[in-house]
Amino acid sequence: MLLLIGVPVFLAVRSAAKPSQNPEALVGFGGWLMLLAIGQAVSPLRTLADFANSTDGYQQLMTLSNGPLAVYGEVALNLAFWRFS
């Protein structure tokens, strides 16, 4: 967790400390872009946490007639989303 948050913060601080030769050019991460970078770094952990919290609901759905299809489909989509993020 420290690595996921520490690396973007380090990069933001390092890029903000660089003096800009051209003040009109956009350089590095900073401000609101830093919040987006942290969100992207934490997104896979959030996806896994949501997946773990849904196990009770998956067990309840397995008893329904088309429940296993729905559960396996959602698990496959969640794993694909996790892999994509």
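Owing to the predicted nature of the structure, the values given are computational and were not obtained by experimental measurement.

Caption draft 1: Up close: the packing of helix α2 (residues 32-53) against helix α4 (residues 67-84). Here α2 crosses α4 at 165°, and the two axes come no closer than 9 Å. When the axes of α2 and α4 are compared, the pair comes out roughly antiparallel. Handedness of the α2/α4 crossing: left-handed. Residue-level inspection shows Pro-44, Thr-47, Leu-48 and Phe-51 of α2 in contact with α4, the latter providing Val-75, Asn-78, Phe-81 and Trp-82.

Caption draft 2: Quick look at the side chain of Thr-47. Positionally, Thr-47 belongs in helix α2. Thr-47 gets classed as buried once you look at its relative accessible area, which sits at 9%. Sequence-distant contacts of Thr-47, defined by excluding residues within four places in its chain, comprise Asn-78, Phe-81 and Trp-82.

Caption draft 3: Molecular detail of a nonpolar patch on the surface. On the surface, Leu-3, Val-7, Phe-10 and Leu-11 cluster together to form a nonpolar patch covering roughly 380 Å² of accessible area. Mapped onto the secondary structure, Leu-3 falls in helix α1 (residues 2-17). Owing to a relative accessible area of 63%, Leu-3 belongs among the exposed residues under this scheme.

The rules behind these values
- Residue numbers here run from 1 along each chain, matching the order of that chain's written sequence.
- Only residues with pLDDT of at least 70 are given local features in this predicted model, and only at 80 or more are side-chain atom pairs given and counted; all residues enter the totals for whole chains, interfaces and linings.
- The side-chain values count all of the structure's non-hydrogen atoms but skip hydrogen atoms and water molecules.
- Angles shown run from 0 to 180 degrees and are taken between the N-to-C directions of axes, each axis being a line fitted to C-alpha atoms and, for helices, limited to the stretch in contact.
- Strands are runs of DSSP state E lasting at least 2 residues, helices are runs of H or I lasting at least 4, and numbering of each runs from the N terminus.
- Should an angle fall under 35 degrees it is taken as roughly parallel, and over 145 as roughly antiparallel, whereas 65 to 115 is taken as roughly perpendicular and any remaining angle as oblique.
- Here a crossing is called left-handed whenever its near helix is offset anticlockwise from the far helix by less than a right angle, and right-handed whenever the offset is clockwise.
- Pairs of residues are marked as contacts when any of their non-hydrogen atoms sit within 4.5 Å.
- Burial here depends on accessible area, computed with a 1.4 Å probe over protein chains only, as a share of the maximum for the residue type. Under 20% is buried, over 50% is exposed, and the range in between is partly exposed.
- To count toward a patch, a residue needs a relative accessible area above 30% and no salt bridge. Like charges then connect within 9 Å, nonpolar side chains (Val, Leu, Ile, Met, Phe, Trp, Tyr) within 5 Å.
- Per-residue accessibility takes into account occlusion by the displayed protein chains alone, with areas from the Shrake-Rupley method and a 1.4 Å probe.
- The term salt bridge refers to a pairing of a side-chain nitrogen on Lys or Arg with a carboxyl oxygen on Asp or Glu at a separation within 4 Å.

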